[in-house]
Amino acid sequence: MLTALTALLGGLILLALLAVPLARLGVGARIVHGGCLLACLGFAAIALAALAGAEAAPAPLPLGPPWGPMWLGLDALSAWFLLLVGLTGACSALFALGRGGDHPPRVLAAFPLFLAGMALTLLAADALTLLLGFEAMSLASWALVAADHDREENRRAARLYLVFAAFGAACLVPAIGLMAGASGDLAFAALREAPPQGWRAALVLALVVAGAGSKAGLVPLHGWLPLAHPAAPSHVSALMSGAMTKVALYVVARLLLDLAGPAQPLWWGLPLLVLGAASAVLGALRANLEEEGKTLLACSTIENVGLIAIGLGLAACFRAADLGPLAAVAAGGALLHAMNHALFKTLLFLGMGEVGHGAATRRLDRLGGLVHVMPWTAGCMLVGALAAASLPPLSGFAGEWLLLQALLAAWRVGELGFQVLAVALAALAALAAALAAAAMVRMFGLVFLGRFRAPRTAGAQDGPLAARLSLLLPAGLTVLFGLIPGPMLALAEGALRILARADMAGRAGPVVLRLGDGAAAYLPALVALLLLACGGAVWWLVRRRSPAGVAHGPAWDCGFAAAPPHLPFGDPLTQPSPAGLGQPLRRMLGAPLLGATEAVHMPPPGDPSPARLAAGFRDPSFALLLAPLDRLRDAVVAQAERLRGLSIRQALMLPFATLVGLLALIAWLEGGR
């Protein structure tokens with residue numbers, strides 16, 4: 001199994017090396033993306049085999065640093081996330097086969113490297129290999145974000161993304177060094193035997209949450225995400241949102257819930273709980289205020305990442321309180337939601353890419369009525385939007401239901417402060433779920449319903465066969481996984497034992513999920529049958545009571561006059577606007593949380609031009625984090641400019657002083673041993 005995985009990794013690296021010469025051929029892009037598709041299908045197949053019980057023990061590679069080889073392995077936890085990467089990568093590569101053939105060589109080379117970096121992170125059995133894969137993933141995705149660098153906003157997004165990537169590495173390297181301790185053994189087995197304690201444990205927790213959390217998009221380190229996703233090509237955005245953020249959460253789970261040992265205190269999961277709740281609410285609220293399709297979906301990703309972080313934090317807290325069954329419920333909700341979010345968010349990003357190709361814009365105020373000209377895309381995106389709104393029996397519901405059940409059971413932890421925090425977290429998680437549903441209704445209604453808002457929209461059409469299949473595959477899996485959450489959790493039992501030191505223990509059956517003594521249960525198949533029965537009854541009643549012939553006529557325009565000749569599709573002002581639909585939430589929650597503002601600009605007397613509503617908001621992370629970083633960058637640049645005036649003697653003294661300082665540090669460390 002490891003031989004096959006190594007061959008797939010090598011194949012992706014070879015594709016990256018050959019991408020530049022292949023780009024000169026007419027079929028070069030198809031070869032690269034087709035190879036990525038096959039590699040991702042191979043990852044998914046091997047991951048399924050490992051989850052079924054054929055795990056691969058760690059084995060050394062014939063290469064590595066001077067002090068030892070690199071190690072690869074595949075256990076149940078890494079196999080769960082490898083399955084996720086394989087499925088989302090296959091959908092993205094399939095979409096690229098249909099739509100991504102015009103990318104320059106640097107994009108073709110970076111795409112297989114991106115997949116290889118994520119896979120290497122998941123397959124790593126030592127900390128050095130994990131770091132190499134994590135940084136390869138970061139640098140390759142940065143190159144993909146900077147693909148269309150002719151636009152200033154894309155260059156700004158790429159610069160900001162690179163800063164956060166460097167920040168993540170700067171946090172993870174010392175965190176792993178602290179975990180390794182004086183022995184310096186970076187193998188996972190050695191790290192498990194000597195988990196950090198005391199101040200080292202607290203520092204490791206802070207560094208891992210900051211380093212991997214910034215890549216996942218946890219608040220307040222999420223500033224890059226709403227900028228980078230719109231800048232990247234659609235199949236890359238789908239992979240970043242669906243897979244890359246989950247790989248970052250895997251690093252959090254691996255380091256904090258596995259390698260840090262099972263005996264950590266109750267406060268071990270509190271940072272994930274607090275930051276996860278803040279991410280869920282802030283991301284869902286921003287999704288209701290954004291007016292660009294991929295930016296809206298990026299903010300929705302922040303919300304879902306926050307919910308997964310809440311599940312991981314709950315699992316850590318329940319495990320510390322010796323509540324293994326509840327820890328398994330929380331961890332199961334996190335793993336299930338990670339898988340399901342990867343699929344339906346990949347579907348939504350690819351669908352928004354189709355909208356951008358067909359309508360030549362992703363601005364919500366320029367779209368509308370696309371259900372008539374893009375029915376395949378509209379149907380698939382409806383499935384993704386309903387799943388993102390957490391409606392049963394689709395896949396987005398089961399994971400969030402488990403998380404809420406775990407939060408409601410948090411009173412079993414004896415600490416009063418934790419019980420109060422759990423009540424607040426349950427309320428915030430419910431608020432985030434409601435806001436997410438409102439955001440999906442707003443997105444689907446503005447994009448696909450109503451009338452065309454622009455002539456170009458009327459000429460849109462569904463994409464080629466490969467692009468349609470790339471939407472149908474995750475849509476079908478979203479429906480399937482929503483109907484079988486019990487078998488999915490049974491497949492994840494090995495991963496649950498790693499994270500929670502327990503499993504669902506008979507509570508995840510083929511057709512039902514049960515919690516506690518059976519008081520709470522979820523039967524997705526029964527819910528699906530009831531919905532089908534209700535829908536069929538409504539259809540039958542409408543057909544029975546309707547006249548024999550159905551007459552079609554113009555829709556009532558609410559008393560507005562007929563559209564003038566220069567607006568053949570109707571006046572856009574007679575339809576709801578993105579700002580108008582988001583106005584209630586902007587006024588209720590946007591002002592205190594996002595500093596939202598509104599201003600009405602009235603024309604002077606005698607001016608027949610219409611009044612204008614100017615609405616906006618500002619993410620607090622920009623003022624609290626990014627603005628100080630900008631000032632720090634300017635100060636560092638100003639100091640660096642002074643180096644240009646140094647003499648030759650002073651310039652030569654700089655590396656000499658650095659060498660002396662490093663030797664002194666090594667002597668101090670050796671003396672401490």
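Scroll up a little and you will see the structure.
What this report covers is the structure whose coordinates are included nearby.

**Focus on the overall build of the chain**
At step 1: A count of helices and strands for the chain gives 24 helices and six strands.
At step 2: The C-alpha radius of gyration computed for the chain amounts to 26 Å, which stays within 12% of the reference 26 Å derived for 673 residues, consistent with globular compactness.
At step 3: Taken over the C-alpha atoms alone, the chain extends approximately 90 × 70 × 55 Å along its principal axes.
At step 4: Out of the 673 residues in the chain, the part that is buried amounts to 52%.
At step 5: Across the chain, every contact between residues at least 6 apart in sequence was considered, and the portion connecting residues at least 24 apart equals 79%.
At step 6: With an accessible surface of roughly 28800 Å², the chain has 69% of that area assigned to carbon and sulfur atoms.

**Focus on the pattern of salt bridges**
At step 1: If you walk through the whole model with that rule in mind, you get 13 salt bridges.
At step 2: Between Asp258 and Arg192 there is a salt bridge, with the nearest N and O atoms lying 2.9 Å from each other. One end of the pair, Asp258, is in helix α10 (residues 234-259); the other, Arg192, is in helix α7 (residues 188-193), and 66 residues separate them in sequence.
At step 3: Measuring nitrogen to oxygen at the nearest pair gives 2.7 Å for the salt bridge that ties Arg362 to Glu292. Here the residue Arg362 occupies a position in the loop between α13 (324-359) and α14 (375-388), and Glu292 occupies one in the loop between α11 (270-287) and α12 (293-320), the gap between them amounting to 70 residues.
At step 4: Classification of Arg362 as partly exposed rests on a relative accessible area of 22%.
At step 5: For Glu292, a relative accessible area of 14% puts it in the buried group.
At step 6: A cluster of three or more residues bridged by salt bridges with shared partners is formed by Asp75, Arg192, Arg254 and Asp258.

**A look at a nonpolar patch on the surface**
At step 1: A cluster of nonpolar side chains, namely Ile13, Leu14, Leu17, Leu18 and Leu113, defines an oily patch on the protein surface of about 450 Å² accessible area.
At step 2: Per element, the largest residue contribution to the nonpolar patch is four residues, and it comes from helix α1 (residues 2-23).
At step 3: On the secondary structure map, Leu18 appears in helix α1.

**A few points about helix α22 (residues 578-594)**
At step 1: For α22, which comprises 17 residues, the first-to-last C-alpha distance of 17 Å sits more than 12% below the rise-based estimate of 24 Å (1.5 Å per residue).
At step 2: Roughly 60° is the biggest bend found in α22, and it falls at Arg586.
At step 3: Taken together, the buried positions of α22 are occupied by Pro578, Ala579, Gly582, Leu585, Arg586, Gly590 and Leu594.
At step 4: In the core, the buried residues of α22 are packed alongside α11, α16 (416-448), β5 (597-601), β6 (612-616) and α23 (620-641).
At step 5: Gly595, located one to two residues past α22, shows a positive phi value of around 60°.

**Some details on the nonpolar core**
At step 1: Core analysis: the largest hydrophobic core is formed by 223 residues, its most contacted members being Met118, Met240, Met440 and Met443.
At step 2: Among the elements that make up this core, the one with the highest residue count is α13 (21 residues).
At step 3: The residue makeup of this core includes at least three contributed by each of domain 1 (1-191 + 218-244) and domain 2 (265-532).

**What to know about unusual backbone geometry**
At step 1: Cis rather than trans, the peptide bond between Val219 and Pro220 has omega equal to 5°.
At step 2: One non-glycine residue, Asp322, lies in positive phi territory at about 60°.
At step 3: Of note, Asp322 is situated in the loop between α12 and α13.
At step 4: Taking the relative accessible area as the measure of exposure, Asp322 reaches 69% and is therefore exposed.
At step 5: Non-glycine residue Arg501 carries a positive phi angle of around 60°.
At step 6: By secondary structure assignment, the location of Arg501 is in the loop between α20 (493-500) and β3 (513-515).
At step 7: Judged by relative accessible area, Arg501 falls into the partly exposed class, the value being 38%.

**Points about the packing of α16 against α22**
At step 1: Where α16 meets α22, the closest approach of the two axes is 10 Å, and the angle between their N-to-C directions is 165°. On the basis of their axis angle, the class for α16 and α22 is roughly antiparallel. In terms of crossing hand, the pair formed by α16 and α22 is left-handed. Packed against α16, whose contacting residues are Leu435, Arg442 and Leu446, the element α22 presents Pro578, Leu581, Gly582, Leu585 and Leu589 at the interface.
At step 2: The class makeup of the residues in the contact of α16 with α22 is six nonpolar, one polar and one charged.

Rules used throughout
- Residues numbered from 1 in each chain as written.
- Predicted model: local features only at pLDDT ≥ 70, side-chain atom pairs only at ≥ 80, totals over all residues.
- Heavy atoms only, no water.
- Helix = DSSP H or I, 4+ residues; strand = E, 2+ residues; numbered from the N terminus.
- Rg over C-alpha atoms; globule rule 2.2 N^0.38 Å.
- Buried < 20%, exposed > 50% of the residue type's maximum accessible area, 1.4 Å probe, protein only.
- Contact = heavy atoms within 4.5 Å.
- Areas by Shrake-Rupley, 256 points an atom, 1.4 Å probe, with all protein chains shown as cover.
- Salt bridge = Lys/Arg side-chain N within 4 Å of Asp/Glu carboxyl O.
- Patch = residues over 30% accessible without salt bridge, like charges linked within 9 Å, V, L, I, M, F, W, Y side chains within 5 Å.
- Expected span 1.5 Å × (residues − 1).
- Bend = angle between axes of the 7 residues up to and from the residue.
- Core = buried A, V, L, I, M, F, W, Y, C linked by side-chain atoms within 4.5 Å.
- Domains from an automatic or database assignment.
- Axes fitted to C-alpha atoms, helices over the stretch in contact; angles between N-to-C directions.
- Parallel < 35°, antiparallel > 145°, perpendicular 65-115°, else oblique.
- Left-handed = near helix turned anticlockwise from the far one by under 90°.
- Nonpolar A, V, L, I, M, F, W, Y, C, P; charged D, E, K, R; others polar.

Remember that the coordinates give geometry; whether it matters functionally is a separate question.
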